[in-house]
Amino acid sequence: HEDRDDVDVEVVFLHRAEPDLEFEGLLKRQHTRVKYFQGSLMNAMDLERAKVHEADACLVLANKYCPDPDAEDAANIMRVISMKNYCEESRIIIQLMQYHNKAYLLNIPSWDWKQGDDVICLAELKLGFIAQSCLAPGFSTMMANLFAMRSFITSPDMAAWQNDYLQGTGCEMYTETLSPSFSGMTFSQASELCFVKLKLLLLAIEVKPIDGGDTKISINPQSSKMPANTVGFFIAQSAEEVKRAWFYCKACHEDVKDENLIKKCKCKHLMTFRKGVRAIQLVGKTMANKTGATPATPFSAALSKPLLNIKNSVMAKEENGSKPVMNGRPTNKPADQQKNGKMEVGIADDQAKDFDFAKTEMKYDSTGMFHWTPARSIEDCILDRNQAAMTVLNGHVVVCLFADPDSPLIGLRNLVMPLRASNFHYHELKHVVIVGAVDYLRREWKTLQNLPKISVLNGSPLSRADLRAVNVNLCDMCVILSAKVPSNDDPTLADKEAILASLNIKAMTFGDIITNIESMGDSKDALNNMGDTTVKRPGPIYGTNVPMITELVNDSNVQFLDQDDDDDPDTELYLTQPFACGTAFAVSVLDSLMSTTYFNQNALTLIRSLITGGATPELEIILAEGAGLRGGYSTPDTLSHRDRCRVGQISLSDGPLATFGEGRKYQDLFVASLRNYGMLCIGLYRLRDAALTTVDATSKRYVITNPPFDFGLLPTDQVYVLLPFERKQSRFSFSETEV
């Protein structure tokens, strides 16, 4: 794709069968750069023919429509073993269907993610995307568009909303080393400079630990200053734009108004710095550890000082850690110190009210990344219809799950874990109610038993009575999933249950309409009365306004989800209205993540940490044991893991940002949010019909990724933000998702 730096990539396909007609057409169009071999990855002769040992990387694609996902994963892992056996240095990126099969890759001796080997687990990412959409509706669409390579072409014939949406789909994620002018800045200063001056959105930076461990990606970090040659993660339209961050020089570009004029400058110290950086990238990591021993070239001098700065700030932090409470982060005290008759545990004061100290001290898992609770049996979590109706559910997540008792497991843990990340306070966790067959859920349960606030209603997602019992009209998100295996005879019918469930909810009406009609003869009065009841009761009256996200196996079925859209049946998925609005998600969008990972390995790490709520290699090893999440005692170290960013959505109609809804520009909002609240704005969720005056007008919203700086804001807009963790909740707390 022309947006990338490196477009001259030759591709070789190796597959057992002959290509079909459609694929053959592609091979003919791209015959100079694409070759097709018929053969098997298990055969060393075929690997020799395809010259696997000379390849830059080998990508193993899974068949997403296979009847048995575990067998497909096992076959693909065998193919990886075969390739590693043939040439253990080769870099392999594999797609796996099921999360629990990731563990088997760790058993391959030459599998090494530090050398670029990577696994894209479809279940983990698909359900992670959907989970983030429960916190910020439409987020799945924004992220999916970020790693798909597209160039947008707007046209006057299109609706205004489509042009706004398409401009966002042209954005991608890139990495670039920041110029020396950025060293010593805090992240928010750098992000503001990038946005205002360079017209780039800086999301995250790479942080190298002092002890020389593995680099970590820090999203919107709140503290320390940036050392020289920090790598930044950007959202931009092309790789060319991102080079501005590398060329930016305070001395030469301070007064440049047009960002396109920020090109390589002739500064002497910058030239030596650039040579030094290019050298350091060749030499490798060891240089950073030896900065004290190297001759004091301009480069090493530039590098060593910021390292000292970081070291000092870390030392200061460690000293703070030993005080009883610093920044609201307490340390563990001996059990005999009691305060107000309660045990003091390593949990911030604002959370104390949520916990019963008598029972246990373990509130988080052993990595400190997720909320944890002692294992409960599924019987304790099953509700019948009456119990569900008695529980006043509000602001929860309803999961409509279609599954046969013997369906392959889809790994619901990947949906619930991001909603249980430890950077939420306990009272902010949304209750998850799963509506589906208990026989299937029993098999999934051992992966869910340690996660708090889960209930199960043994019923059918197509039963309106069950949906009313779980107050589907008051939920924050209704997720529709299917674990059923698509039949081979007609793959387009794979989504029949999901589509029927989605249309069923849209056709429902809420409010006390039935009881009113029973008690009154005249239906007109009944409807008037219904108007009275809806005033007392929050939540939509019509099912079309219930927030919903439907997972589709087959892209083409998206045309059946929205009856009011005018999408042509041949429209690409990302251009359809349900996808643009974030109400549909198809696993096929994750295919483009393979090529993103090939070009930029860090992008996958960033997406994974943003989507999974904090899955680390350490956690993966624990889960690979198969015993589920382990609880851990809270220590200052594990509690510090809560201090990370999360996705949120904030309304411009009220609250501290309301002034920006009145015709101000997006840049004003971006700068004010970053300066005053440490929040990084990454996009907007806007009403499709901006002038919503009548009930008939649609309340559908669409996603605008990283709008231009001069984009006008509306009071009805909602903003996607990356929120820093708040230890103490302020009066203007953004922790609750405001809608």
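Residues numbered from 1 in each chain as written. Predicted model: local features only at pLDDT ≥ 70, side-chain atom pairs only at ≥ 80, totals over all residues. Heavy atoms only, no water.

*Asks:* Give a detailed account of a nonpolar patch on the surface, specifying residues and quantitative values.
*Replies:* Judged by side-chain polarity, Met42, Met78 and Ile81 come together as a nonpolar surface patch covering roughly 260 Å² of accessible area. Residue placement: Ile81 occurs in helix α3 (residues 69-86). Overall, Ile81 belongs to the partly exposed group, its relative accessible area being 37%. (Patch = residues over 30% accessible without salt bridge, like charges linked within 9 Å, V, L, I, M, F, W, Y side chains within 5 Å. Areas by Shrake-Rupley, 256 points an atom, 1.4 Å probe, with all protein chains shown as cover. Salt bridge = Lys/Arg side-chain N within 4 Å of Asp/Glu carboxyl O. Helix = DSSP H or I, 4+ residues; strand = E, 2+ residues; numbered from the N terminus. Buried < 20%, exposed > 50% of the residue type's maximum accessible area, 1.4 Å probe, protein only.)

*Asks:* Break down the packing of helix α24 (residues 592-599) against helix α25 (residues 601-612) for me, citing the residues and quoting the values.
*Replies:* Between α24 and α25, the least distance of the axes is 4 Å, while the angle of their chain directions is 125 degrees. The orientation of α24 relative to α25 falls into the category oblique. In contact with Leu593, Thr596, Thr597 and Phe599 of α24, α25 contributes Gln601, Ala603, Leu604 and Ile607. Tallied by class, the residues present in the contact of α24 with α25 amount to five nonpolar, three polar and no charged. (Axes fitted to C-alpha atoms, helices over the stretch in contact; angles between N-to-C directions. Parallel < 35°, antiparallel > 145°, perpendicular 65-115°, else oblique. Contact = heavy atoms within 4.5 Å. Nonpolar A, V, L, I, M, F, W, Y, C, P; charged D, E, K, R; others polar.)

*Asks:* Can you explain the pattern of salt bridges? Please cite residues and give values.
*Replies:* When charged atoms on two side chains of opposite charge get close, those side chains can pair. Taken as a whole and judged by the stated rule, the model has 18 salt bridges. The shortest N-O distance in the salt bridge between Lys64 and Asp591 comes to 3.0 Å. In this pair, Lys64 sits in the loop between β3 (58-60) and α3 while Asp591 sits in the loop between β21 (584-586) and α24, placing the two residues 527 residues apart along the sequence. Look at Asp591 and you get partly exposed, because its relative accessible area is 29%. Where Glu124 meets Lys102, a salt bridge forms, and the shortest distance between an N and an O atom there is 2.8 Å. On the criterion of sequence distance, the pair formed by Glu124 in helix α5 (residues 122-135) and Lys102 in helix α4 (residues 102-105) is long-range, its members being 22 residues apart. Each member of the pair, Glu124 as well as Lys102, carries the same accessibility label: buried. Salt bridges here are not isolated pairs; linked through shared partners, they connect Lys102, Glu124 and Glu620.

*Asks:* Mind laying out the state of the cysteines, listing which residues take part and the relevant values?
*Replies:* Taken as a whole and judged by the stated rule, the model has zero disulfides. Between Cys58, a cysteine without a disulfide, and Cys87, which holds the nearest cysteine sulfur, the sulfur-to-sulfur distance is 7.9 Å. (Disulfide = S-S within 2.5 Å.)

*Asks:* Describe in detail the confidence of the model for the protein chain, supporting the description with residues and values.
*Replies:* It should be kept in mind that the predicted coordinates are not to be read in detail where pLDDT is low. Within the protein chain, residue pLDDT values average 78, and 76% of them lie at 70 or more. Within the protein chain, helix α22 (residues 523-536) has the poorest average pLDDT of any element, 34, and strand β16 (residues 397-402) the best, 95. Scored below 50 in pLDDT, residues 284-353 shows 85 contacts in the model against residues more than four places distant or in partner chains. Note that residues 513-537 has pLDDT below 50 and, in this model, 15 contacts with residues that lie over four places away or in other chains. (pLDDT = per-residue confidence, 0-100.)

*Asks:* So what's going on with the packing of helix α8 (residues 187-196) against helix α28 (residues 666-677)? Residues and values would help.
*Replies:* Two elements in contact, α8 and α28, have axes whose closest approach is 10 Å; the angle formed by their N-to-C orientations is 175 degrees. One element, α8, and the other, α28, form an angle in the roughly antiparallel class. For the pair α8 and α28, the contacting residues are Ser188, Ser191, Glu192, Phe195 and Val196 in the first and Tyr666, Gln667, Phe670, Val671, Leu674 and Arg675 in the second. Residues of the contact of α8 with α28, tallied by class, amount to six nonpolar, three polar and two charged.

*Asks:* Could you give an account of α24, naming the residues involved and the relevant values?
*Replies:* The set of residues buried in α24 consists of Leu593, Met594, Thr596, Thr597 and Tyr598. The elements touched by buried residues of α24 are β3, β4 (92-96), β5 (118-121), α5 and α25.

*Asks:* Account for the packing of aromatic side chains, naming residues and giving values.
*Replies:* Per the stated rule, a full pass over the model turns up 13 aromatic pairs. Ring centres of Tyr666 and Phe670 lie 6.5 Å apart, and the angle between their planes is 50 degrees; on these two criteria the pair is classed as tilted. With Tyr666 and Phe670 both in helix α28 and four residues apart, the pair spans about one turn of that helix. As far as burial versus exposure is concerned, Tyr666 and Phe670 are alike and both buried. Aromatic rings pair up to connect Phe13, Phe23 and Tyr36 into one cluster. Positioned above the aromatic ring of Trp113 is the side chain of Lys114, whose terminal nitrogen or guanidinium carbon lies 5.7 Å from the ring centre. Over the aromatic face of Tyr426 sits the side chain of Lys453, whose NZ or CZ is 4.7 Å from the ring centroid. (Phe/Tyr/Trp six-rings, centres within 6.5 Å; stacked < 30°, edge-to-face > 60°. Lys NZ or Arg CZ within 6 Å of the ring centre and 35° of its normal.)

*Asks:* For the sheet that holds strand β26 (residues 718-723), give the residues involved together with the corresponding values.
*Replies:* The pairing of strands in a sheet comes from backbone hydrogen bonds and takes either a parallel or an antiparallel form. The antiparallel open sheet is built from four strands, whose spatial order is β23-β26-β24-β25. Among the strands making up the open sheet, the edge pair consists of β23 (646-651) and β25 (701-705). Mean inter-strand twist for the sheet, computed between neighbouring axes without regard to direction, equals 30 degrees. Two elements, strand β24 (residues 680-687) and β25, share five bridges in a ladder whose sense is antiparallel. Within β25, the residue paired with Arg686 across the bridge is Tyr702. Sheet strands touched by α28: β24 and β26. Its angle to β24, the strand with the most contacts, is close to 135 degrees. (Pairing = 2+ DSSP bridges.)

*Asks:* Kindly report on empty space enclosed by the protein, identifying the contributing residues and their values.
*Replies:* Counted under the stated rule, the structure contains seven cavities of 30 Å³ or more. Its boundaries defined by the atoms lining it, the largest cavity holds a volume of some 330 Å³. What lines the largest cavity is a set of 19 residues, among which Lys64, Pro69, Met97, Lys126 and Ile410 lie closest to the centre. If you tally residues by element for the lining of the largest cavity, the top one is α5, at three residues. Considered class by class, the residues forming the lining of the largest cavity number 13 nonpolar, two polar and four charged. Counted as a void, the second largest cavity has a volume near 80 Å³. Lining the second largest cavity we find Tyr99, Glu124, Phe370, Arg413, Asn414, Met417, Pro418, Thr612, Ala615 and Leu619. By residue class, the composition of the lining of the second largest cavity is six nonpolar, two polar and two charged. (1 Å grid on protein atoms, 1.4 Å probe; cavity = no way out; pocket = protein on both sides within 12 Å on 5 of 7 lines; lining within 4 Å. Points joined across faces, edges and corners; volume = space filled by probe spheres on them.)

*Asks:* Give a description of the pairing of strand β9 (residues 231-236) that names residues and reports values.
*Replies:* Within β9, six of the six residues are buried, which leaves the element mostly enclosed by the surrounding structure. Of the two faces of β9, the one holding Val231, Phe233 and Ile235 and the one holding Gly232, Phe234 and Ala236 are both buried throughout. Here strand β6 (residues 172-177) runs beside β9; their pairing, made up of six bridges, is antiparallel. Residue pairing in the sheet places Glu172 in a bridge with Ala236 of β9.

*Asks:* An account of α3 is requested, with residue identities and associated values reported.
*Replies:* Residues three or four positions apart in an α-helix share a direction because the helix packs 3.6 residues into each turn. The end-to-end C-alpha distance of α3, which contains 18 residues, comes to 26 Å, matching closely the 26 Å that a straight helix rising 1.5 Å per residue would cover. Every buried residue of α3 is listed here: Pro69, Glu72, Asp73, Asn76, Ile77, Arg79, Val80, Ser82, Met83 and Lys84. In this structure, the buried residues of α3 make contact with α2 (44-49), β3, β4 and α4. One side-chain oxygen of the residue at the start of α3 lies 3.2 Å from the amide nitrogen of Asp70, identifying that residue as Asp68. (Expected span 1.5 Å × (residues − 1). Polar contact = N/O pair within 3.5 Å; in protein donor to acceptor, adjacent residues only side chain to side chain.)

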